[in-house]
Amino acid sequence: MPDVVPVAGQRVPPRCPHFGVCGGCSIQDVAPDAQIAAKQERLRQAFGAHDSLSPERWFPALTGPLWNYRRKARLSVRYVFKKERVLVGFRERQGRYVADMSECHTLDSRIAAYLSELPGLMRSLEVYRRIPQIEVACGDECASLIIRHLDPMAETDQERLRDFARNTGIAIFLQPAGIHSIKLLEPQEVELSYALPAHAVSIRFQPADFVQVNAEMNRLMVDRALSLLQLDLNDRVLDLFCGLGNFTLPMARYALQVTGIEGDAGLVDRAQSNAEANAIDNARFYCADLKQDPVEAEWLKQDYDKALVDPPRSGAGELLPHISATGARRLVYVSCSPESLARDAATLQDDFGFTLKGAGVVDMFPHTDHVESIALFEREV
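So, a few notes on the structure that sits alongside this text.

Thresholds applied
Residues numbered from 1 in each chain as written. Predicted model: local features only at pLDDT ≥ 70, side-chain atom pairs only at ≥ 80, totals over all residues. Heavy atoms only, no water. Helix = DSSP H or I, 4+ residues; strand = E, 2+ residues; numbered from the N terminus. Rg over C-alpha atoms; globule rule 2.2 N^0.38 Å. Contact = heavy atoms within 4.5 Å. Areas by Shrake-Rupley, 256 points an atom, 1.4 Å probe, with all protein chains shown as cover. Lys, Arg positive; Asp, Glu negative; His and termini not counted. Charge placed at Lys NZ, Arg CZ, Asp CG, Glu CD. Pairing = 2+ DSSP bridges. Axes fitted to C-alpha atoms, helices over the stretch in contact; angles between N-to-C directions. Left-handed = near helix turned anticlockwise from the far one by under 90°. Nonpolar A, V, L, I, M, F, W, Y, C, P; charged D, E, K, R; others polar. Expected span 1.5 Å × (residues − 1). Buried < 20%, exposed > 50% of the residue type's maximum accessible area, 1.4 Å probe, protein only. Arc of directions from axis to C-beta. Polar contact = N/O pair within 3.5 Å; in protein donor to acceptor, adjacent residues only side chain to side chain.

Glancing now at the overall build of the protein chain. Along its length, the protein chain carries nine helices and 16 strands. In terms of C-alpha radius of gyration, the protein chain reaches 22 Å, essentially the compact-globule figure of 21 Å for 381 residues. Along the first, second and third principal axes, the C-alpha atoms of the protein chain reach 65 × 55 × 35 Å. Considering only contacts within the protein chain whose residues lie at least 6 apart along the sequence, 66% involve residues at least 24 apart. Carbon and sulfur atoms provide 47% of the accessible area of the protein chain, an area that totals close to 17000 Å². Charge-centre separation for the protein chain: the mean point of 42 positive side chains lies 5 Å from the mean point of 52 negative side chains.

All right, on to the sheet that holds strand S10 (residues 236-240) then. Pairing is mixed in the open sheet, where eight strands are placed in the order S1-S15-S16-S14-S13-S10-S11-S12. Because the sheet does not close on itself, it has two edges, and the strands there are strand S1 (57-58) and strand S12 (283-287). Pairing between strand S14 (residues 330-335) and strand S16 (residues 372-378): six bridges, direction antiparallel. Along S16, the bridge assignment pairs Val334 with Ile374. On the sheet, helix H7 (residues 265-277) packs against strand S11 (257-262) and S12 and is oriented at approximately 170° with respect to S12. This element, helix H9 (residues 338-352), spans S14 and S16 of the sheet and lies at about 160° to S14.

Before going further, it helps to spend a moment on the packing of helix H1 (residues 32-48) against H9. To describe two helices that pack against each other, one gives the angle between their axes and the distance between the axes. Two numbers describe how H1 lies on H9: the axes approach to 8 Å, and their chain directions differ by 35°. Here the hand of the crossing between H1 and H9 comes out right-handed. Packed against H1, whose contacting residues are Arg42, Leu43, Ala46 and Phe47, the element H9 presents Pro338, Glu339, Leu341, Ala342 and Ala345 at the interface. When grouped by side-chain class, the residues that make up the contact of H1 with H9 number seven nonpolar, no polar and two charged.

Let us look at H7. In this model, H7 (13 residues) spans 18 Å end to end at C-alpha, consistent with the 18 Å of a helix rising 1.5 Å per residue. When H7 is considered as a whole, its buried residues turn out to be Leu267, Val268, Ala271, Asn274 and Ala275. Angular distribution of buried residues about the axis of H7 spans 120°; they occupy a single face of the element. Seen from the buried face of H7, the exposed residues on the opposite side, beyond 90 degrees, are Asp269 and Glu276. Elements that come into contact with the buried residues of H7 comprise strand S9 (201-205), helix H6 (248-252), S11 and S12. Structurally, the start of H7 carries an N-cap: the backbone nitrogen of Gly266 is 2.8 Å from a side-chain oxygen of Asp264. Note on H7: the residue one or two positions beyond its end, Ala279, has a positive phi of about 55°.

See the structure below:
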């Protein structure tokens, strides 16, 4: 991101004692307002790299909690022979070593409260040398840890982990192989879910599923997306890269029909289950590899009034001709890369007659240089 010039009022003392070594945060020493300004400037510069590309208006930045917002994270685990200790934490800024962490102010507070206990817990296991990582996955009502272990875990090790779960209320999953091997260890039953209360939607998810890292910012982002789309009960809406239905299900409350497309079959199944659990019968989901040309896809053989796309960092370039061909007159683009958003915005404008009506940043990852943004496109059809 652009350099943040340390003028008076911009630099602040970092809250975390590990700042500067830990790679989890890179700009914690910059005042929050200056962080937002730098992210807005990066988005502005990305658009400015393309001729005649500028939003008609800039949306106010969406901001929310600055601390303890991370409900998803990957913590590295490593036994350091010279220190005779197990380290659990984010990678150091250089990325080679695991940061020696005793606290973290961005992790969900239910996990952060026990971060200092995790190294000792891992060291107490017979398999401590064969644990490369711990995943954090938190729902509204439950926090969990997924422990990846490369060798079978003895029953004594499993009992130690059960005790930790009982004493802390943190659910423990074990992962001996790929993500499909993840199994709940303790308690016997658990449900991870998050609510979008403004739209009467609750979304269940599995511990390895993708969900937006910041629960409060996700709620605000969904609210803005729906506001920008201006849905009514006659609208047919296409939602690309829909995941668990994070946007699809709320949109279905206000539209005639919403069609969600996702490349992960498991996510598609869970999206459909979430629709049923929320008594939503006007949302349909299809599994499709959106990196491939979907020209023959059944879901492209109908017209849509509006569309939403939330692509990976690489953007949605291959899909833009198909979005245009649906006849959609209004498009909301949620992006995790200002550069790919700007590239796709230029294509939408120059090749398909869309106008960039507005854009703004979403502070999904405070104290990092990650820039999430949302843009609105319109055209006459």
